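What the coordinates show
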Amino acid sequence: MISFVAAFLLLILGYVFYVRLIEENFGPDDRKTPAMLVNDGTDYVPMPTWKIFLIQLLNIAGTGPIFGALSGAIFGPVVYLWIVLGCVFAGSVHDYMSGMVSVRHVGASIAEIVGFYLGNKIKTVMRIFSVILLILIGIVFSVSPAGLLALLTPEWFDAAFWLWVILAYYFVATFLPVDKLIGRVYPLFGLCLIITIVGISGSLLFSGEFAMPELWDSFRNMHAEKLPVWPFMFITVACGAVSGFHGTQSPMMSRCIKSEYDGRIVFAGAMICEGVIALVWAAAGVSCYESSQALLEAGGGCSAVVYHICQTTMGRVGCVLAMLGIIVCPVSSGDTAFRAVRLSIADWFDIKQTSVKNRFMLTVPILAIGAVGCHVDYGVLWRYASWANQTLATFSLWAFACCLAYNGKNWLCCVVPAVFMTALTTAYFFYSRECVGGVWRLLGVSDGLAYNISVGIGIVLSVVFLALFLKKVGKMSQLEK
């Protein structure tokens, strides 16, 4: 219990102190925001800060901080460290910068921002990469809530039925102006989410039925199959620590805030809250199952485990309320994932979205691709989406570091997590079976050697990227002189 409470307090302190330093370094001011400059009634719509915060939180809090945190819990309480440190020193910085840099670029999508600071070739790659990632996320956040809803309803309302219902909702949410549907239903979604988190964490802390293991008693890799913590746990727990997907969502709210000073609570505040959600579910995973082996055998991050935890901690009636709160997470992220695809393509090809026809012509093929993708194996989709998620965050952090350097600001807050994430994503790419790892096995390379090579490549590449960045900063200094 002490480890959990301490981790929660550190998240709050991180927001109060470290995020304020990030805000002061960036330097928000009283200039007009995109919502005030454009205000097209479709995507650029001024909204109250409290509502934008809720929308941002629900946009980013999909199944990642739930399913991902439960999968991370298989490694044991050590997952608390990554959630806290990752959320404060990487995730909150990434999300704040993605929102505020977008504000300064009149609500530009993340691919456009990265391209502006890293070059046109990277812009093209990032445009394609971000669209693919968003479609993957949209598919994942269609399948997972459909499976959860099937657990709560009679058997004739199966997962396939709910999948079509969810896709129909996504079509409407992607097509309509942001304040017509999303801005109205999200406050209700937010209430469901709050009830769930308060209920589960309260039961873990005060019911006396759960033995919450302490970090210092279990400070080791407890994964039953001994998957290495680096890089697997760090990739598995993405949305609760640092997530490139958030960078695709923040520009939508950057088009709605009325003051730059709202950015701290809207962007960084929502990230810290998502860290709290991930922390609660990680704690539930290590507390409700007697061992990591039991959690792994139950499926880790899956609908059945989520349902079991809700029923164990909140009883039958509370379970229904909790499940509703969980279901709104992926639904409220899936709809904005597909919406972000529309906006990204519109920015890419300069297609005006005030036209109903233009929005319809983009929405139909996007949702059609999503419907087809829902038939691909969920486990495969999740693994690729997780890696792509962290890789997008890596490129974004390098771009934000360049942005700070261009403006004469301290760039270490972005460079340190960028170096870390470069080494992480590269090591995963070269070691995991989903990527290059399968090649090592075919060549007969031992698992230990393959791991060392992969980690080494990650370290080398992170050093190379750092050198290139420092060279770029040096050129900027010479030009300024």
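Computed from a predicted structure; not experimentally measured.

Secondary structure assignment for the protein chain yields 19 helices and zero strands. Relative to its length of 481 residues, the protein chain is compact, with a C-alpha radius of gyration of 21 Å against a globular reference of 23 Å. In terms of overall dimensions, the protein chain has C-alpha extents of about 60 × 50 × 45 Å along its principal axes. Of all intrachain contacts in the protein chain linking residues separated by at least 6 positions in sequence, the fraction that spans at least 24 positions is 83%. When the accessible surface of the protein chain is totalled, it reaches about 18,800 Å², and 68% of it is carbon and sulfur. Separation between the mean location of the 29 positive side-chain charges and that of the 27 negative ones in the protein chain comes to 10 Å.

Looking now at empty space enclosed by the protein. Taken as a whole, this structure holds two cavities of 30 Å³ or more when the rule is applied. There is about 70 Å³ of room inside the largest cavity. Residue lining of the largest cavity: Ser 109, Ile 110, Ser 130, Thr 248, Pro 251, Met 252, Arg 255, Ala 340, Leu 343 and Ser 344, and that is the complete set. Sorting the residues of the lining of the largest cavity by element identifies helix H11 (244–254) and helix H14 (303–349) as the ones contributing at least two each. Each residue belonging to the lining of the largest cavity can be placed in one class, and the counts come to five nonpolar, four polar and one charged.

What follows is about the nonpolar core. Residues Met 97, Tyr 170, Trp 281, Val 306 and Cys 310 are the most contacted members of the largest nonpolar core, which totals 158 residues. Tallying contributions element by element places H14 first for this core, with 19 residues. If we skip the residues at most four places from it in the chain, Met 97 touches Phe 26, Ser 102, Phe 400, Leu 404 and Cys 414.

Now for the pattern of salt bridges. Side chains that differ in charge, positive against negative, can pair when their charged atoms come close. All chains considered together, the criterion is met by 10 salt bridges. In this structure, Arg 127 engages Glu 112 in a salt bridge whose closest nitrogen and oxygen atoms are separated by 2.8 Å. Here Glu 112 lies in helix H6 (residues 110–118) and Arg 127 lies in helix H7 (residues 120–152), a separation of 15 residues in the sequence. Classification of Arg 127 by relative accessible area gives buried; the value is 14%. The buried category is assigned to Glu 112, whose relative accessible area is 14%. Arg 255 serves as the salt-bridge partner of Asp 347, at 3.1 Å between the closest nitrogen and oxygen.

Moving on to the environment of Gln 56. Within the fold, Gln 56 resides in helix H3 (residues 49–60). Sequence separation between Gln 56 and Pro 251 is 195 residues, and the spatial gap between their C-alpha atoms is 10.0 Å. Not counting chain neighbours up to four residues away, the residues in contact with Gln 56 comprise Gln 249, Ser 250, Met 253, Val 266, Phe 267 and Ala 270.

The bulk of non-glycine residues show a negative phi, and the bulk of peptide bonds are trans. Backbone torsion omega between Trp 230 and Pro 231 reads 10°, so that peptide bond is classified as cis. By secondary structure assignment, the location of Pro 231 is in helix H10 (residues 229–236). Here the phi dihedral of Asn 39 falls at roughly 45°; this positive angle occurs in a residue that is not glycine. With respect to the helices, strands and loops of the structure, Asn 39 is situated in the loop between helix H2 (34–37) and H3. Notably, Asp 350 is not glycine yet its phi reads approximately 55°, a positive angle. Structurally, the position occupied by Asp 350 is in the loop between H14 and helix H15 (356–373).

Moving on: the packing of helix H5 (residues 79–104) against H11. Where H5 meets H11, the axes come as close as 8 Å, and the angle between the chain directions of the two elements is 40°. As the angle between them shows, H5 and H11 are arranged oblique. Viewed along their axes, H5 and H11 form a crossing whose handedness is right-handed. For the pair H5 and H11, the contacting residues are His 94, Asp 95, Ser 98, Gly 99, Ser 102 and Val 103 in the first and Gly 244, His 246, Gly 247, Ser 250, Pro 251 and Ser 254 in the second. Of the residues in the contact of H5 with H11, the class split is two nonpolar, nine polar and one charged.

The relation between two aromatic rings is expressed through the spacing of the ring centres and the mutual angle of the planes. Using the criterion set out here, one finds 25 aromatic pairs in the structure. Both rings, one in Trp 398 and one in Phe 469, keep their centres 5.9 Å apart while their planes meet at 50°; by these two values the pair is tilted. Of the two residues, Trp 398 sits in helix H16 (residues 378–406) while Phe 469 sits in helix H19 (residues 447–480), which places them 71 residues apart along the sequence. Classification of Phe 469 as buried rests on a relative accessible area of 4%. The side chain of Arg 264 reaches across the aromatic face of Tyr 15, ending 4.5 Å from its centre.

So, about the layout of surface pockets. Rolling a probe over the atoms, with the probe sized like a water molecule, indicates the empty space that remains. In this structure, the second largest pocket spans a volume of roughly 400 Å³. Lining the second largest pocket are 20 residues, with Phe 8, Ile 197, Cys 273, Val 276 and Ile 277 positioned closest to its centre. Secondary-structure elements contributing two or more residues to the lining of the second largest pocket are helix H1 (2–26), H3, helix H9 (182–206) and helix H12 (263–288). Here the lining of the second largest pocket is composed, by residue class, of 18 nonpolar, two polar and no charged.

Conventions we followed
- Residues numbered from 1 in each chain as written.
- Predicted model: local features only at pLDDT ≥ 70, side-chain atom pairs only at ≥ 80, totals over all residues.
- Heavy atoms only, no water.
- Helix = DSSP H or I, 4+ residues; strand = E, 2+ residues; numbered from the N terminus.
- Rg over C-alpha atoms; globule rule 2.2 N^0.38 Å.
- Contact = heavy atoms within 4.5 Å.
- Areas by Shrake-Rupley, 256 points an atom, 1.4 Å probe, with all protein chains shown as cover.
- Lys, Arg positive; Asp, Glu negative; His and termini not counted.
- Charge placed at Lys NZ, Arg CZ, Asp CG, Glu CD.
- 1 Å grid on protein atoms, 1.4 Å probe; cavity = no way out; pocket = protein on both sides within 12 Å on 5 of 7 lines; lining within 4 Å.
- Points joined across faces, edges and corners; volume = space filled by probe spheres on them.
- Nonpolar A, V, L, I, M, F, W, Y, C, P; charged D, E, K, R; others polar.
- Core = buried A, V, L, I, M, F, W, Y, C linked by side-chain atoms within 4.5 Å.
- Buried < 20%, exposed > 50% of the residue type's maximum accessible area, 1.4 Å probe, protein only.
- Salt bridge = Lys/Arg side-chain N within 4 Å of Asp/Glu carboxyl O.
- Axes fitted to C-alpha atoms, helices over the stretch in contact; angles between N-to-C directions.
- Parallel < 35°, antiparallel > 145°, perpendicular 65-115°, else oblique.
- Left-handed = near helix turned anticlockwise from the far one by under 90°.
- Phe/Tyr/Trp six-rings, centres within 6.5 Å; stacked < 30°, edge-to-face > 60°.
- Lys NZ or Arg CZ within 6 Å of the ring centre and 35° of its normal.

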